[in-house]
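# Examination of the molecular architecture
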Amino acid sequence: MTLAYPEHLNNLLLERADAIAVLTLNRPKVLNALNTETLDELRRTILALKHDETVRAVILTGAGEKAFAAGADINELAVQSPSGGRDHAIRGQHVLDLIEQMGKPVIAAINGYALGGGCELAMACTLRLAADTAKLGQPEINLGIVPGYAGTQRLARLVGRGRALEVLLTGEAIDAQEAYRLGLVNRVVPAAELMAEARTLAATLAAKAPIAVRYIIDAVNKGLQMPFAEAQVYEATLFGLIASTEDMREGTRAFLEKRKAAFKGK
Ligand code: COA
C-alpha cells in the first residue's frame, strides 16, 4: 500500500534519496516550535513515509543552527481551554505514537534546543544523536503546566523514574553530555558532523533486513508495555514469523557462503 505525500508543506522540508528520508522542522524564526499545523503536517508526512517501501530510514532534524524544536507553540498553549488542552495533548501524543510505531528507524538529529514538545518528539524517535551544542529538557514546569506529549511517560521509561522526575521537576535544560550520561541520547557528536553522522547511521540501518528491523522496534516498544512473560511470547511469535521471509533465508545463506547479504524486505 502507498499513501500520497502531502502536496504542500508550510512547516516541514522533506528530502528523499537512497532509501533515506530527511524530515526537517522548518520554522527557525520561532526555534521550530510545534504549532498545530506543523504537527498535522508531521502526521501526514509520517504516514506517507511509513507506507513508502523505498524509504528504509528517516532522519528528523530542525532547520537553523539553534533548535531541533523549542517545544509546543506557547502562543497556542497560552489561550487553551481545559477541553482544548486535552484534545491538544491527545493529538500530539497520536503524532508521536505514529513516529514510534512507524516500523522504520527514525533518527532524531538534535541540532540545538530540544525542549518540551521538542524533547518529547526526540524521545518518540528510535534513536537520538545530539550535537555537542544541543540542550534538552522539559521546561513545562516553569510555565506552570505539565508535559502533554507523553514526556512524563517516555522520559521515565528511557532514563528511569528518579532521573526523569529531576528533569521534569527542575525544568532545567541539560547539555548534550549530561543527556548522554542520563541515557536520554544515544551519541553526542560535534555539531558540524551531526548530519553526516546521522546519514551514516541511517544508511547502516537502511541496509538491514527491513522486516527484522520492524519486528525488533515493535518487540521492544510493545513488549515494554506488556508483562514480561507475555512480551516473551510476543517475541517468540515474531521470531517464528520472521522464518517466513526471503530475507531470513538470504541472511543465513549469505553468512554460510561468506558473502554480504542483500536484503529485499520480503
Ligand atoms: N513557542 C513559541 N515561540 C517560541 C517558542 C515556543 N515554544 N520558543 C521560542 N519561541 C520564539 C520566541 O518567542 C522568539 O520569538 P520573537 O523573536 O518573536 O521574540 C523566537 O522564538 C526566538 O526565541 P528567543 O527566546 O528569543 O531565543 P533565546 O535564544 O533567547 O532563547 C530558548 C531560547 C529556547 C531558551 C527560549 O526561546 C525558550 O525558553 N523557549 C521556550 C521553551 C519552552 O518552554 N518550551 C516548552 C513549551 S511547552
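Residues numbered from 1 in each chain as written. Predicted model: local features only at pLDDT ≥ 70, side-chain atom pairs only at ≥ 80, totals over all residues. Heavy atoms only, no water.

## Some thoughts on the site of the ligand
Taken together, 17 residues lie near the ligand, and Val 30, Lys 66, Ala 70, Ala 72 and Ile 74 sit nearest. Note that a nitrogen atom of the ligand is positioned 2.9 Å from one of the backbone N or O atoms of Ala 70. The backbone of Ala 72 places a nitrogen or oxygen atom 2.9 Å from a nitrogen atom of the ligand. Protein contact buries 57% of the 860 Å² of open area that the ligand shows by itself. (Near = heavy atom within 4 Å. Polar contact = N/O pair within 3.5 Å; in protein donor to acceptor, adjacent residues only side chain to side chain. Areas by Shrake-Rupley, 256 points an atom, 1.4 Å probe, with all protein chains shown as cover.)

## What to know about the pairing of strand S3 (residues 57–62)
Judged by how many residues are buried, S3 sits mostly within the fold: six of six residues are covered. Of the two faces of S3, the one lined by Ala 57, Ile 59 and Thr 61 and the one lined by Val 58, Leu 60 and Gly 62 are each fully buried. Bridge count between strand S2 (residues 20–25) and S3: six bridges; the pairing is parallel. Within S3, the position partnered with Ala 21 by the bridge is Val 58. As defined by bridge partners, S3 adjoins strand S5 (residues 106–110) across three bridges and the pair is classed as parallel. For Leu 60, the partnering residue across the bridge sits in S5 and is Ala 108. (Buried < 20%, exposed > 50% of the residue type's maximum accessible area, 1.4 Å probe, protein only. Helix = DSSP H or I, 4+ residues; strand = E, 2+ residues; numbered from the N terminus. Pairing = 2+ DSSP bridges.)

## Examining the sheet that holds strand S4 (residues 67–69)
Taking strand neighbours across the sheet as the criterion, the four strands line up as S4-S6-S8-S9 in an open arrangement whose pairing is mixed. With one partner strand each, in any of the chains shown, S4 and strand S9 (174–175) form the two edges of the open sheet. Here strand S8 (residues 135–137) pairs with S9 via two bridges, running antiparallel. Bridge assignment links Lys 135 to a residue of S9, and that residue is Asp 175.

## Overview of the pattern of salt bridges
Per the counting criterion, the structure on display carries twelve salt bridges. Residue Glu 197 is joined to Arg 187 by a salt bridge in which the shortest nitrogen-to-oxygen separation is 3.5 Å. Here Glu 197, found in helix H8 (residues 194–206), pairs with Arg 187, found in strand S10 (residues 187–189); they are ten residues apart in sequence, far enough to count as distant. With a relative accessible area of 26%, Glu 197 lands in the partly exposed category. In this structure, the salt-bridge partner of Arg 259 is Glu 257, at a minimum N-O distance of 2.8 Å. (Salt bridge = Lys/Arg side-chain N within 4 Å of Asp/Glu carboxyl O.)

## Concerning the pairing of strand S1 (residues 12–17)
Pairing of S1 with S2, which is carried by six bridges, proceeds in the antiparallel orientation. Paired with Ala 17 across the two strands is Ile 20, which belongs to S2. Here S1 hands over to S2 after two residues, with Asp 18 in that stretch at a positive phi of 50°.

## Let's talk about the sheet that holds S10
One open sheet holds the six strands; their spatial order is S1-S2-S3-S5-S7-S10, and the pairing between them is mixed. The strands lining the two open edges of the sheet, one partner per strand, are S1 and S10. Pairwise comparison of adjacent strand axes, ignoring direction, gives a mean angle of 20° for this sheet. Bridge analysis of strand S7 (residues 127–131) against S10 gives three bridges, and the strand direction is parallel. Across the sheet, the residue bridging to Ala 131 is Val 189, located in S10. (Axes fitted to C-alpha atoms, helices over the stretch in contact; angles between N-to-C directions.)

These results come straight from atomic positions and should not be treated as a statement about function.
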